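# Observations on the three-dimensional arrangement
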Amino acid sequence: MSSPTPDALLGPADIRELAAALGVRPTKQRGQNFVIDANTVRRIVRTAEVGPDDVVVEVGPGLGSLTLALLEVADRVTAVEIDDVLAGALPTTIGARMPARADRFALVHCDAMHVTALPDPPPTALVANLPYNVAVPVLLHMLDTFPSIERTLVMVQSEVADRLAAAPGSKVYGVPSVKANWYAEVKRAGAIGRNVFWPAPNVDSGLVSLVRRAEPIKTTASKAEVFAVVDAAFAQRRKTLRAALAGWAGSAAAAEAALVAAGVSPQARGESLTVEEFARIAEHKDARSTEHEESGE
């Protein structure tokens, strides 16, 4: 592998020059905050444990700060960018700053929420600085659509990082925590200060590491069925599961039957349950009608 030039990465002046040349102003609408610190992007690549065999997919590459740091180390990098101007400029930036690696880079000009295919070979890692307003849906979509992704490291708003990595019983444990855990083991992997971004956001950022489960959760319920229980349980957080799942099950009595059959207390609340317990509840949705059939009713 040819080693990139020492000044290949983008610094604060480079970012501002590039943005000015392209007429780009970071927009709040797309949650754009560009990383302007080379040490930070190298730290992200290290924390993601990207190696020379990895095919990395990056969502929202922006002006290319993290993209270049990934290209230094990975076998290949595919960037998914929705913005017309940024997508048009990125291949030129890569070609100018890391010409020896340009053939290892691919661009998919698309909304990440609608990506269903990526260039071969399939991605082994997802590394991204995700805009906080779409971070969770984009992350879940990518994990669901590309099962070859083994390791993920995303930079998100600190509060979102806490939610994703929360364990059952935590105040911030909720839908993102459970759904991320369906795919992966999730943990916080560090904090990122505000001064490494342009413009500096008014919130802190955090890194979240997700390592895909070696074995999927053992359940006869589909992902959609399990996620329906999760959504219902957290739609009314203060209610007991017997009450919160009444709409999902058809009645409070049917919800209670499903919970009892799954070995979960009807008085419990959603924030105390593991993803495995949600899966068991989904499996027993029609517990009451089954009981009636078995007793000849």
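The shown structure was predicted, so the numbers you read here are calculated from the model rather than taken from an experiment.

## Considerations on the sheet that holds strand S6 (residues 151–157)
The mixed open sheet is built from 7 strands, whose spatial order is S4-S3-S2-S5-S6-S9-S7. What marks the edges here is a single partner per strand, and that holds for strand S4 (105–109) and strand S7 (184–192). If you compare each strand with its neighbour and ignore which way they point, the axes differ by 20° on average. Here strand S2 (residues 55–59) pairs with strand S3 (residues 76–81) via 5 bridges, running parallel. Bridging from a neighbouring strand, Val59 pairs with Val80 of S3. Contacts between helix H2 (residues 38–47) and the sheet are confined to strand S5 (125–129), S6, S7 and strand S9 (205–212), with S7 contributing the most and set at about 155° to the helix. The strands touched by helix H5 (residues 135–145) within the sheet are S2, S5, S6 and S9, with S6 carrying the most contacts at an inclination of about 170°.

## Notes on the pairing of S2
Counted residue by residue, S2 has 5 buried out of 5 residues, so it is predominantly covered. Residues Val55, Val57 and Val59 line one face of S2 and the alternating positions Val56 and Glu58 line the opposite face, and both faces are buried. Two strands pair when backbone bridges link them, and S2 and S5 are joined in this way by 2 bridges, in the parallel orientation. Bridge pairing in S5 places Val56 opposite Ala125.

## Observations regarding the confidence of the model for the protein chain
Mean pLDDT over the protein chain: 91, with 92% of residues reaching 70 or higher. Low pLDDT, under 50, characterises residues 290–297; the predicted model gives this stretch 1 contact beyond four residues in sequence or across chains.

Analysis parameters
- Residues numbered from 1 in each chain as written.
- Predicted model: local features only at pLDDT ≥ 70, side-chain atom pairs only at ≥ 80, totals over all residues.
- Heavy atoms only, no water.
- Pairing = 2+ DSSP bridges.
- Helix = DSSP H or I, 4+ residues; strand = E, 2+ residues; numbered from the N terminus.
- Axes fitted to C-alpha atoms, helices over the stretch in contact; angles between N-to-C directions.
- Contact = heavy atoms within 4.5 Å.
- Buried < 20%, exposed > 50% of the residue type's maximum accessible area, 1.4 Å probe, protein only.
- pLDDT = per-residue confidence, 0-100.

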